[in-house]
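# Inside the fold
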Amino acid sequence: MTEVVSFRNVGVRYESGPEILRDLNFTLHRGSFHFLTGASGAGKSTLMRLLYLALRQTRGEINIFGRDNIRIPRDELPAIRRKIGVVFQDFRLINHLTTFENVALPLRVAGVEDLQIRKNVTELLEWVGLGDQINAVPSRLSGGQQQRVAIARAVIGRPALLLADEPTGNVDDRIAMRLLYLFEELNKLGTTVLIATHNRQLVRRFGHNQWLLEAGTLHDITHSA
Amino acid sequence: MTEVVSFRNVGVRYESGPEILRDLNFTLHRGSFHFLTGASGAGKSTLMRLLYLALRQTRGEINIFGRDNIRIPRDELPAIRRKIGVVFQDFRLINHLTTFENVALPLRVAGVEDLQIRKNVTELLEWVGLGDQINAVPSRLSGGQQQRVAIARAVIGRPALLLADEPTGNVDDRIAMRLLYLFEELNKLGTTVLIATHNRQLVRRFGHNQWLLEAGTLHDITHSA
Amino acid sequence: MAFRSQPSHLPLDSDSSTRFLPSIVALMVALLTFSIVGLAALHDSVGKWSGQIEGSLSIQVPPTGMADREPEEREQALQATVDDIIEQLADMPGISRIEELSPETMSALLEPWLGPDEIVSELPIPRIIEITPETGFNFDMLERRLGEIAPEAVLDDHRIWIERIADVAFSVELALMALIVVLFGATMLSVVFATRSGLSIHRTIIELLHLIGAQDSYIAGQFARHNLRLAFFGALIGLLIALPVSGVIAWLGMRAGWPIPTLVFSPLFIGIIIAIPFVVAGVAQMTAKRTVLRVLRRML
Amino acid sequence: MAFRSQPSHLPLDSDSSTRFLPSIVALMVALLTFSIVGLAALHDSVGKWSGQIEGSLSIQVPPTGMADREPEEREQALQATVDDIIEQLADMPGISRIEELSPETMSALLEPWLGPDEIVSELPIPRIIEITPETGFNFDMLERRLGEIAPEAVLDDHRIWIERIADVAFSVELALMALIVVLFGATMLSVVFATRSGLSIHRTIIELLHLIGAQDSYIAGQFARHNLRLAFFGALIGLLIALPVSGVIAWLGMRAGWPIPTLVFSPLFIGIIIAIPFVVAGVAQMTAKRTVLRVLRRML
Ligand SMILES: Nc1ncnc2c1ncn2[C@@H]1O[C@H](COP(=O)(O)OP(=O)(O)OP(=O)(O)O)[C@@H](O)[C@H]1O
Ligand SMILES: Nc1ncnc2c1ncn2[C@@H]1O[C@H](COP(=O)(O)OP(=O)(O)OP(=O)(O)O)[C@@H](O)[C@H]1O
Ligand SMILES: [Mg+2]
Ligand SMILES: [Mg+2]
């Protein structure tokens, strides 16, 4: 099975509002790397929400890890969610937990043992350049540092699918590159990566597949850019 | 008086931590336009905090609107703060207020009359492209839309000093340009503008003065870039 | 587009934390009202009892062992004992009046027992001494001293019993009053807690308002007004729950033979009940103001 | 670096909202404890009174207007009235026993008044009927019916007075019991409120945990345990405040002549007091669990 996610005629609207996304048809294969671009308000985060199962399509079919998303029983969802790492656009760090605890959260939830957690988290925090902020709470971190904590939390569990929503909006180009190398590293180990971003430069430099959300539908512009 | 802000040997540390900024010496003149760059964690937001009077230097002197910042009596601070517009890196929108109310806040606080507020806010929201989101609460807005609300709130009062901390991290280049035109517009009317950003492309395109924060000190790299 | 009617007020209402303050206030106000109604009812009862036990306590001096004496001699001996008792007890603390019951009153008292006959004056009738006790009166001490002076004398404990019970009822009343004070304090404390915890959620808003140049007094005023409204609303709900329930309980109680409370309809009582929401709202307002000002003072 | 000892538990402690739940719980538990101690003390008093008023109520049937008749005839007429009264009242509800006092008991009763003389049997002595009332007994009805049967008969209201007061005291006790029930309910409600409002602050954390793949039961369990601890802690503080204060009040009360409460030292009472923190903690835990599960169920 190489199809991680596939969409068929998917449409989404929030409550009684207009259809934000419509007629989405695409497939994410195992080990693929895509950039998702589009104007502000185009629906990138909405598409991400569909993928991390926080939102249901109003029409169409979504298949994720081989299962029809609306047919998955409630108690099987957590297991699927643990295979998905998400960098939220608004970080969603827990304010009263330290950097370490915030990053450790997915491992704690998965019941990984303490020693393992300690080793993995410290190592990863060193890599993203937060080795000296391990015990700081989010309010003591700079914007870019918070964003890196959010990224570390998303990748700590070596997810099968990584969704990053504007992961480099608050860091400089050097760190952005470093973070993308991290994503590529994961990708080489088999993780399917989808990154929503406004940073055209970055997209151009890494030259992976590029999708454009426009007027609610998805266009593959990998070769046209 | 053309000196809006001047720093003399300013240094800052948080509690007993290391000195984040040191020996800052610079002057912001009326009607000037500066970009502030620097690596993540360099101290850009910290410098901003000094400027919008949310933080005090641990040493040195800061002169703002002709007054020594630590000598301003507490009850005169609000009047000075109203002359400063701030786009916070983390937006700081009020969750249960609509877009309109969030943007109207500085005018309400200043006691501007309702009709005036209504006119100005709607006009500005149209300009930043949020004309159809006037009654949405922040949780219903996309990341870029939230950022634009934060920007609209910062500029609605036509401040004498505009401080924007990473104001384009969540919007695409087209909107980023549009927002910068808005800042330039204000700047032409006399507002002193200081924008902290990681977006080198933007800095390059607008070609204003560029300051670089590195190792805690400020370097003017306007002509070296 | 819905524009606010009061432009200078922040719309704090739609906030999700606003449900908590009213509910905790409603709860405390309901409890407080129950206790106040209870106190008023009890006070009425105690008042009624006191009215019925007003007056005195009596000592009977029986002509024990004198039946074989001459009537003259008997009366003299009895009189001596009576005078002795009165003299020795007169200076006891807590006795406001001590006096022998007149022979006429005695006849009247005995009439239903023995008939309105001459026979009374010839019989060895006991003498009765009436005592009007006052606060500080000590029944046990009286009994002890009486035992020393005239062991055959009998203290009529009918009235003293009522007195004692009224005393205990008064204690209960005091306890209930204390409970009301405690409940009032608790209500105020919970208003303070709830207001503060509500504000801790709004900390970021307070901070933001501060940074965009709002005066401390403006921010504090906004939150004070907001919390005043929430607390007043909560207190009203508390009253609206407590009053009908109290009414039903009172009705059931009266059916079961409790005295009809009149204090409940006095202006003082009604005034107190009406004052509750205002006091509660005032406390909430003040707390909010102080809390916000304290938060603000910590900021630059 | 400080690592947690329990890796599977989220460190929710350092959170600023955690101060509120314990304080409101402490307050309510203190109030509840006060009321329970008060009830126990009052129950003791009422128990003592009841012991003293056990027994009966009496009707005196005086030989009114019979002084000029022959002793024989007089006794017959009196006996007829007495039999009449006993017959007619026997079926009244609330009377468990009705019986004439024997002549010997009468003599014994009158002895201190008239001396141990033969004179008694020759005097027109009233007859006495003793009634043992039980629950459901209605004094006013008895009085009315007695007035119809024999207007000259006198109801001795000495004991009935005590009975009535004990009744009222019992009512007060019932009211206090009701108050305790209400306070208990209020404590539970405020635990529920405080727990829920605490959780509303944590909504984003709940959401995040959900999205990173935590099981509903895991999230609910974490918060349940956290709130259990907070509530237990609050309840303990409430007890630690209320018990010494109750002790001081009791001591003052006993100095002022209240009966010494013995119920307070009974195992049942001590058991109830000890149970409070556990019940409160249990309610907090359950509320947290349910609230979190409800929040989670609303999410996908
Ligand atoms: N919870 C919601 N309820 C209603 N409308 C929503 C909600 N979330 C988003 N929207 C609307 O859906 C549209 C798409 O939002 P989305 O967040 O997906 O955009 P985006 O592509 O991520 O934009 P950005 O680059 O600015 O983050 C926007 O117009 C937004 O207002
Ligand atoms: N409240 C605070 N207490 C202690 N340290 C802080 C606090 N705020 C920031 N810092 C530290 O100060 C340094 C500078 O932070 P600052 O937010 O100014 O960086 P920045 O240049 O804005 O970075 P970014 O581009 O990532 O937003 C960082 O190392 C950060 O950890
Ligand atoms: Mg988005
Ligand atoms: Mg910053």
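Residues numbered from 1 in each chain as written. Chains lettered and ligands numbered in written order. Predicted model: local features only at pLDDT ≥ 70, side-chain atom pairs only at ≥ 80, totals over all residues. Heavy atoms only, no water.

## Points about the overall build of chain C
Tallying secondary structure elements over chain C gives nine helices and four strands in all. Reading the secondary structure of chain C in the N-to-C direction produces α-β-α-β-α-α-β-α-β-α-α-α-α. Expressed as a percentage of the 300 residues in chain C, the buried residues total 50%. With the model as given, the accessible surface of chain C reaches about 14400 Å², and the carbon-plus-sulfur share is 61%. (Helix = DSSP H or I, 4+ residues; strand = E, 2+ residues; numbered from the N terminus. Buried < 20%, exposed > 50% of the residue type's maximum accessible area, 1.4 Å probe, protein only. Areas by Shrake-Rupley, 256 points an atom, 1.4 Å probe, with all protein chains shown as cover.)

## Description of the coordination of the magnesium ion (ligand 3)
Around the magnesium ion (ligand 3), the protein contributes the donor atoms A:Ser45 (OG) and A:Gln89 (OE1), which lie 1.9 to 2.2 Å from the metal centre. Within this pair, whereas A:Ser45 is found in helix α1 (residues 44-51), its partner A:Gln89 is found in the loop between β6 (84-87) and α3 (99-109), the two being separated by 44 residues in sequence. (Donors = N, O, S within 2.8 Å, 3.2 Å for Na, K, Ca; no water.)

## Comments concerning the domain arrangement of chain A
All names here are of chain A. When cut into domains, chain A gives domain 1 (1-83 + 159-225) and domain 2 (93-156). In this structure, domain 1 and domain 2 have C-alpha centres spaced 23 Å apart. Note on domain 1 versus domain 2: buried area summed over both sides is about 1100 Å², and carbon and sulfur give 66% of it. Classifying every residue of the side of domain 1 that touches domain 2 gives nine nonpolar, three polar and three charged. (Domains from an automatic or database assignment. Buried area = accessible area lost by both parts, 1.4 Å probe. Nonpolar A, V, L, I, M, F, W, Y, C, P; charged D, E, K, R; others polar.)

## Here we look at the nonpolar core
Membership of the largest hydrophobic core comes to 62 residues, with the highest contact counts inside it found for C:Val25, C:Val280, D:Val25 and D:Val280. Broken down by secondary-structure element, the contributors of at least two residues to this core are α1 (20-53), α6 (157-201), α8 (216-255) and α9 (267-298) of chain C together with α1 (20-53), α6 (157-201), α8 (216-255) and α9 (267-298) of chain D. Those residues in contact with D:Val280 that sit more than four places away from it in its chain are D:Val25, D:Val29, D:Thr187, D:Met188, D:Val191, D:Ala231 and D:Ala235. (Core = buried A, V, L, I, M, F, W, Y, C linked by side-chain atoms within 4.5 Å. Contact = heavy atoms within 4.5 Å.)

## Considering the site of ligand 2
Taken together, 21 residues lie around ligand 2, and A:Ser142, A:Gly144, B:Lys44, B:Ser45 and B:Thr46 are the ones closest in. Site remark: ligand 2 is flanked by residues from chains A and B. In isolation ligand 2 exposes 630 Å². Once the protein is present, 90% of that is buried. Elements with a contribution of two residues or more to the shell around ligand 2: α5 (143-155) of chain A together with α1 (44-51) of chain B. Tallying contributions element by element places α1(B) first for the shell around ligand 2, with four residues. Per-class residue counts for the shell around ligand 2 are four nonpolar, 14 polar and three charged. (Near = heavy atom within 4 Å.)

## Here's the deal with the site of ligand 1
In the vicinity of ligand 1 lie 21 residues, with A:Lys44, A:Ser45, A:Thr46, B:Ser142 and B:Gly144 positioned nearest. Two or more chains meet at ligand 1, and those chains are chains A and B. In the model, a nitrogen atom of ligand 1 is placed 3.4 Å from a nitrogen or oxygen of the A:Arg49 side chain. A distance of 2.6 Å separates an oxygen atom of ligand 1 from a polar atom in the side chain of B:Ser142. In isolation ligand 1 has 640 Å² of accessible area, and contact with the protein removes 90% of it. At the level of elements, α1 of chain A together with α5 (143-155) of chain B are the ones that each hand at least two residues to the shell around ligand 1. Of all the elements, α1(A) adds the most residues to the shell around ligand 1, at four residues. Grouping the amino acids of the shell around ligand 1 by side-chain chemistry returns four nonpolar, 14 polar and three charged. (Polar contact = N/O pair within 3.5 Å; in protein donor to acceptor, adjacent residues only side chain to side chain.)

## Concerning empty space enclosed by the protein
Picture a little ball the size of a water molecule; that probe, rolled over the atoms, points out where space is still empty. Following the criterion strictly, the structure yields nine cavities of 30 Å³ or more and no others. Here the largest cavity is characterised by a volume of approximately 230 Å³. Around the largest cavity, the lining comprises 19 residues; the ones closest to its centre are A:Thr168, A:Gly169, A:Asn199, B:Thr168 and B:Asn199. Of all the elements in the fold, those that place two or more residues in the lining of the largest cavity are α7 (200-206) of chain A together with α7 (200-206) of chain B. Of the residues that constitute the lining of the largest cavity, the class distribution is two nonpolar, eleven polar and six charged. (1 Å grid on protein atoms, 1.4 Å probe; cavity = no way out; pocket = protein on both sides within 12 Å on 5 of 7 lines; lining within 4 Å. Points joined across faces, edges and corners; volume = space filled by probe spheres on them.)

## A look at the confidence of the model for chain C
Residues and elements named next belong to chain C. Per-chain confidence: chain C averages 75 in pLDDT, with 69% of residues scoring 70 or above. Across residues 1-8, where pLDDT falls below 50, the model places 13 contacts with residues more than four positions away in sequence or in other chains. Confidence metrics for the complex model read pTM 0.79 and ipTM 0.82. (pLDDT = per-residue confidence, 0-100.)

## Observations concerning the pairing of strand β9 (residues 209-214) of chain A
All names here are of chain A. Where strand β3 (residues 33-38) meets β9, five bridges bridge the pair, whose relative direction is parallel. Following the sheet pairing, Phe35 is matched in β9 by Gln210. Counting the residues that bridge the hairpin from β9 to strand β10 (residues 217-220) gives two residues, and of these Ala215 lies at a positive phi of roughly 50°. (Pairing = 2+ DSSP bridges.)

## Notes on the interface of chain D and chain A
Between chain D and chain A, the contact holds 26 residues from the first and 28 residues from the second. Regarding the contact of chain D and chain A, the summed buried area is about 2500 Å², with carbon and sulfur atoms giving 64% of it. One can count two salt bridges joining chain D with chain A. In this structure, D:Glu207 and A:Arg92 form a salt bridge, with 3.6 Å as the shortest nitrogen-oxygen distance. Applying the counting rule to chain D against chain A returns five residue pairs in polar contact (both at pLDDT 80 or more). Residue assignment for the side of chain D that touches chain A shows that the elements contributing at least two residues are α7 (203-211), α8 and α9 of chain D. It is α7(D) that contributes the most residues to the side of chain D that touches chain A, six residues altogether. (Salt bridge = Lys/Arg side-chain N within 4 Å of Asp/Glu carboxyl O.)

## Topic: the pairing of strand β4 (residues 59-64) of chain B
Residues and elements named next belong to chain B. Judged from the five bridges that link them, strand β1 (residues 3-13) and β4 form a sheet pairing that is antiparallel. Within β4, the residue paired with Arg8 across the bridge is Glu61. Across two bridges, the pairing between β4 and strand β5 (residues 67-68) is antiparallel. Paired with Asn63 across the two strands is Asp68, which belongs to β5. Count of turn residues in the β4/β5 antiparallel hairpin: two residues, of which Phe65 carries a positive phi of about 50°.

## Overview of the packing of aromatic side chains
All names here are of chain A. What the rule picks out here adds up to twelve aromatic pairs over all chains. Here the aromatic residues Phe7, Phe26 and Trp211 are joined through ring pairs into a cluster of three or more. The ring of Phe88 has Arg92 sitting right over it, with the charged end atom 4.6 Å from the ring centre. The lysine or arginine in question, Arg178, covers the ring of Trp127, its NZ or CZ lying 4.4 Å from the ring centre. (Phe/Tyr/Trp six-rings, centres within 6.5 Å; stacked < 30°, edge-to-face > 60°. Lys NZ or Arg CZ within 6 Å of the ring centre and 35° of its normal.)

## Notes on the pattern of salt bridges
Counted by the stated rule, this structure contains 22 salt bridges over all chains. One salt bridge in this structure joins A:Lys119 and A:Glu123, with 4.0 Å as the shortest N-O distance. You can see A:Lys119 and its partner A:Glu123 sitting in helix α4 (residues 114-127), four residues apart, about one turn around the helix. The shortest N-O distance in the salt bridge between B:Glu15 and A:Arg140 comes to 2.6 Å. With one member in each of two chains, B:Glu15 in the loop between β1 and β2 (19-29) and A:Arg140 in the loop between α4 and α5 form a pair that bridges those chains. Taking the relative accessible area as the measure of exposure, B:Glu15 reaches 57% and is therefore exposed. When salt bridges that share partners are traced, they join A:Glu19, A:Asp23 and A:Arg59 into one network.

## A short note on the packing of helix α3 (residues 99-110) of chain B against α5(B)
All names here are of chain B. Interaxial distance between α3 and α5 falls to 7 Å at its minimum, and their mutual angle equals 30°. Judged by the inter-axis angle, α3 sits roughly parallel to α5. In the crossing of α3 with α5, the sense of the turn from one axis to the other is right-handed. Between α3, through Thr99, Asn102, Val103 and Pro106, and α5, the contact on the second element is made entirely by Val149, Ala152 and Arg153. Split by residue class, the contact of α3 with α5 holds four nonpolar, two polar and one charged. (Axes fitted to C-alpha atoms, helices over the stretch in contact; angles between N-to-C directions. Parallel < 35°, antiparallel > 145°, perpendicular 65-115°, else oblique. Left-handed = near helix turned anticlockwise from the far one by under 90°.)

## Comments concerning a nonpolar patch on the surface
Taken together, the side chains of C:Phe233, C:Ile237, C:Ile241, C:Val245 and C:Ile249 define a hydrophobic patch exposed on the protein surface, amounting to about 410 Å² of accessible area. Its relative accessible area of 49% is what places C:Phe233 among the partly exposed residues. (Patch = residues over 30% accessible without salt bridge, like charges linked within 9 Å, V, L, I, M, F, W, Y side chains within 5 Å.)

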